[in-house]
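Residue strings, one per chain:
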Amino acid sequence: AEGRITAILPGTGTIRATAGMHVATLTVMVTQRIEEIEISPDLVLLTALGEEVEFEVLVLDPRGVEVPGAEVSWAGGGSVLTALAPGRYRASAPGTAEVTATAGGISATARVEVTQQIDRVEVTPAAWEAESIGAMNSFVARVLDRNGFEIPGAPVVWNSSDPSIVSVDATGTATAQGVGSARITATAGDASAGADVTVRQVVTEVRVTPDEATVFPGETFTFSASLVDQNGNPVAGGEAFVWGSEDTGIATVDRFGNATALQVGTTTIVARSGAVQGSARFIVEPIPLPPRPEGNTKVGYFRTSNGAGATSQVAPIETGRGIPVNLTSLSAEALEPVSVLFIDNPSNSGMSSSYLNHLAALDEWVQAGGTLILHDRHVTTASSYLPGGSGITIVRDLGSNIDILDNTTHLTNGPGGEVTNTNLDGGNFSLHGWAQISTLPEGAVALLSPGNAGRAVTFSYPHGHGFVIYSTIPLDFYLNGSSPAAFRQIYAPNVVAYGLFLRLGFLPPPVEGLAAPSQVTSPEDAIGGNPGRSSADPLSEGH
């Protein structure tokens, strides 16, 4: 007889066969061999990062019967999927991945495709308030899937609801164009989002135009003012401007911005509107002098007590390389032909009207380029009759010591020879006073002193295009033959040469064919004697 065994469940069973008194047993072990695995779903489409999928598997034996409790291992996913649990995955990056389930050496595979479909767009910042035309701001658009994950590289199109108020470029950079409100929109696919933009102009400055002006005293210049924002764009409206000058001694300005120059200098013109202001530099320059005429070597000589030149003045002019011209007046017409004036004042008590009556002509002549050389016994009121010398402090103070302050000019080293610290000493008197050096005009050169470095016996200074050389040495006295002879033979020619150099910019060559230096040859040269007194000044007995 035969017995057919049918496996029902995995496990172990005993088969017993009995024949009469005889029994036989058979142990049977039932197992399931894995023949096939089925995985479902076998194709998955995920449209957002963060989405999850869970697979199911069916493990079958050769007869197609499920193998319960079969041990299944999972693999795959790569960078696209993240395994959460056996058979359970989450989308972590766009792409395609395979998931494989294996049991008993048999495998099955499912395919997963992860894409990101655009769900919405977020724009930051959500609003922008611009305070000036031309202001710029960068907006950022984030394109997101339905789980809020950003979709990299998603194309975005930017637009403005009113480009006349705000424009936006392809990168999301917005530029304020005009006052008003508009909306910036970023669109990706069918999704869009925007930001509200308000453009206004905050006044940050009053702009004064031009920012600098140069005029001459007495002239008026008109400035204009406008309100501007941070980027310098005009702002309409605003308060009326209040104008002012920081130095009203130099210039004043009216309520219309008309600035009037009063004197040489620099000031700041200010325009205010509310809490903001602007300014401009206002420069008042000296009125330019007429062009300096060409110089020559003609030296006009004049003795104030005579009202004309003295013969004793001729020799030092010739030795000093000038051409002497005897002047009988100091009028503008008389001064016109000469480049240098060689004048001495023999009066201890004052200055002659022959000089004082022509102060305006002398000043104009010096400013036009002439060099005035004035030796003065009076000294006391010299600042009142020196061209450009009104601010000089000059003191009458008789003395017999003269030292060198500046040894670099033709005054101390010239055609007459060398002036030293001793060869002008011991006169009766060598000097009649001094000027306080600190009060000399700008550009002055202190040449000789009475032994005090802060005081000048002889000095020069520029005035207009010309120069003034002033000295308290009673030169008329020494030109008439008194000692020390160095005044006549060295100092006098040198001071003429120095004057010519200042006028011409160079020392001319010696003049040929002129007579040799002469001594006193005429009665008018005899004025003086003691330089502390003057025969033309009988009231000046003593010092």
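So, how was this worked out
- Residue indices begin from 1 for each chain and proceed along its sequence in written order.
- Residues qualify for local features only when their pLDDT is at least 70, as the model is predicted, and side-chain atom pairs are given and counted only at 80 or more; totals for whole chains, interfaces and linings, by contrast, use all residues.
- Here the side-chain values reflect all heavy atoms present in the structure, with hydrogen atoms and water set aside.
- Note: two strands are recorded as paired if DSSP finds a minimum of 2 bridges between them.
- A run of DSSP states H or I qualifies as a helix once it reaches four residues; a run of E qualifies as a strand once it reaches two. Both are numbered from the N-terminal end.
- Here, axes are lines fitted to C-alpha atoms. For helices the fit covers the stretch in contact, and angles between N-to-C directions go from 0 to 180 degrees.

Time to look at the sheet that holds strand β8 (residues 81-85). Sheet architecture is open: 3 strands sit in the order β5-β9-β8, paired in antiparallel fashion. Both edges of this open sheet fall to β5 (52-54) and β8, since each of them pairs with a single strand only. Each adjacent strand pair in this sheet contributes to an overall mean axis angle of 30°, direction not counted. Both β5 and strand β9 (residues 88-91) contribute to a ladder of 3 bridges, which runs antiparallel. Residue Val 53 lies in a different strand from β9, and its bridge partner there is Tyr 89.

Moving on, we come to the environment of Ala 127. Examined against the element boundaries, Ala 127 turns out to sit in strand β13 (residues 127-130). Between the alpha carbons of Ala 127 and Ile 373 there is a distance of 81 Å; along the sequence they are 246 residues apart.

So, about the sheet that holds strand β25 (residues 242-245). Judged by pairing direction, the sheet is mixed, and its 4 strands sit side by side in the order β22-β29-β28-β25 without closing on themselves. Edge strands, defined here as strands with exactly one partner in the open sheet, are β22 (212-215) and β25. When strand polarity is set aside, the average angle formed by the axes of neighbouring strands in this sheet is 25°. Bridge count for strand β28 (residues 265-273) against strand β29 (residues 276-284) is 9 bridges, and the pairing is antiparallel. Its bridge partner being in β29, Thr 268 is matched across the sheet by Arg 281.

With that settled, consider the environment of Pro 509. Its place among the elements puts Pro 509 in the segment after α6 (486-504). Each C-alpha atom, one on Pro 509 and one on Ser 79, is 102 Å from the other, the two residues being 430 residues apart in sequence.

No statement about biological role is implied by the geometric values presented.
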